[in-house]
Amino acid sequence: MITGSMNDVISNLSDAQRLASVGRVVNATLELGSCERLRGLVVAPFGQVHYRLEFGTDIVQHPTVVITLKGSARLMCQRSMEAFDFPLNTQVKLAFIAEEAEESGLMPDFDPILVGTGEKSFVEIVEDELILLIPNVPVNPEAVTAETKPAVWEAKSPDRQSPFASLAQLLNPPKKN
């Protein structure tokens, strides 16, 4: 196992191929408060995530990285307006491609990551995945009780008169003799 720095960058496909060929593994901890793009999504104390990047190749020799994330982020519940810890535990498989046309040749369980359009640090790759993992409208599952759950719409009872019945009378007025 070869370890690496979390500030290493991948700027093109050959960088990804080099990392994959040596089986590079990066283990690190990321403080979420240090991520510029996450600051608007998390509340203090921000939380942290431990990540592991395992570089390799898929069966068709695309350079790949398997990202394992474990940790939690402090989010603001949009129902109770109280902070809660949201678990960030996932594994993502990415395959590096140089152009979008290569996407169709990827294994089904790998998502593409386009390289060659500029440098991307390991932290930026992890930050991208965290942004996708954090919900747009965070709700603490413990804040959802029977009283706060949204009511289920019930079917209209058959004995109620249609609200359009009066319109039917206007369209078909009684005939005068």
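Now for a look at the structure at hand. Just so it is clear, the model here is predicted, and its values are computed rather than measured. (Residues numbered from 1 in each chain as written. Predicted model: local features only at pLDDT ≥ 70, side-chain atom pairs only at ≥ 80, totals over all residues. Heavy atoms only, no water.)

**A few points about the overall build of the protein chain**
- In terms of helices and strands, the protein chain carries three helices and eight strands.
- The linear arrangement of helices and strands in the protein chain, starting from the amino end, is β-α-β-β-β-β-β-β-β-α-α.
- For the protein chain, contacts bridging at least 24 residues in sequence account for 57% of all contacts bridging at least 6.
- Roughly 11500 Å² of accessible area belongs to the protein chain as shown, and the carbon and sulfur atoms make up 53% of that amount. (Helix = DSSP H or I, 4+ residues; strand = E, 2+ residues; numbered from the N terminus. Contact = heavy atoms within 4.5 Å. Areas by Shrake-Rupley, 256 points an atom, 1.4 Å probe, with all protein chains shown as cover.)

**Considering the nonpolar core**
- Judged by nonpolar contacts, the single largest core of 34 residues is most densely connected at L30, L32, Y51, L53, I67 and L130.
- Apart from residues lying up to four places away in sequence, L32 is in contact with L38, V42, F46, G47, Q48, V49, S72, A73, L88 and L130. (Core = buried A, V, L, I, M, F, W, Y, C linked by side-chain atoms within 4.5 Å. Buried < 20%, exposed > 50% of the residue type's maximum accessible area, 1.4 Å probe, protein only.)

**As for the side chain of E127**
- Take E127: it is sitting in helix α2 (residues 122-133).
- In this structure E127 touches C35, E36, R37 and L38, once residues within four positions along its chain are discounted.

**Here we look at the environment of K70**
- Inspection of the secondary structure assignment puts K70 in strand β4 (residues 63-76).
- Overall, K70 belongs to the exposed group, its relative accessible area being 51%.
- For K70 and H50, which are 20 residues apart along the polypeptide, the C-alpha to C-alpha distance reads 5.2 Å.
- Once you skip the residues sitting within four places of it in the chain, K70 turns out to touch V49, H50, L88 and N89.

**Section: the packing of aromatic side chains**
- A full pass over the atoms with the stated rule returns two aromatic pairs.
- The interplanar angle of 15 degrees and the centroid separation of 6.2 Å between the aromatic rings of F55 and F96 together place this pair among those described as stacked. With a gap of 41 residues between them, F55 in strand β3 (residues 47-57) and F96 in strand β6 (residues 90-97) connect regions that are remote in the sequence.
- For F55, a relative accessible area of 6% corresponds to the buried category.
- A ring pair is formed by F55 and F122, whose centres lie 5.5 Å apart and whose planes are at 40 degrees; its orientation type is tilted. (Phe/Tyr/Trp six-rings, centres within 6.5 Å; stacked < 30°, edge-to-face > 60°.)

**Focus: unusual backbone geometry**
- The step from A44 to P45 runs through a cis peptide bond, and the omega angle for that step is -10 degrees.
- With respect to the secondary-structure elements, P45 resides in the loop between β2 (25-31) and β3.
- Residue Q61 is not a glycine yet carries a positive backbone phi of 70 degrees.
- Summarising the element assignment, Q61 is placed in the loop between β3 and β4.
- Judged by its relative accessible area of 54%, Q61 falls in the exposed class.
- Positioned with a positive phi, M81 is a non-glycine residue whose angle comes to about 60 degrees.
- For M81, the location among the structural elements is in the loop between β4 and β5 (83-87).

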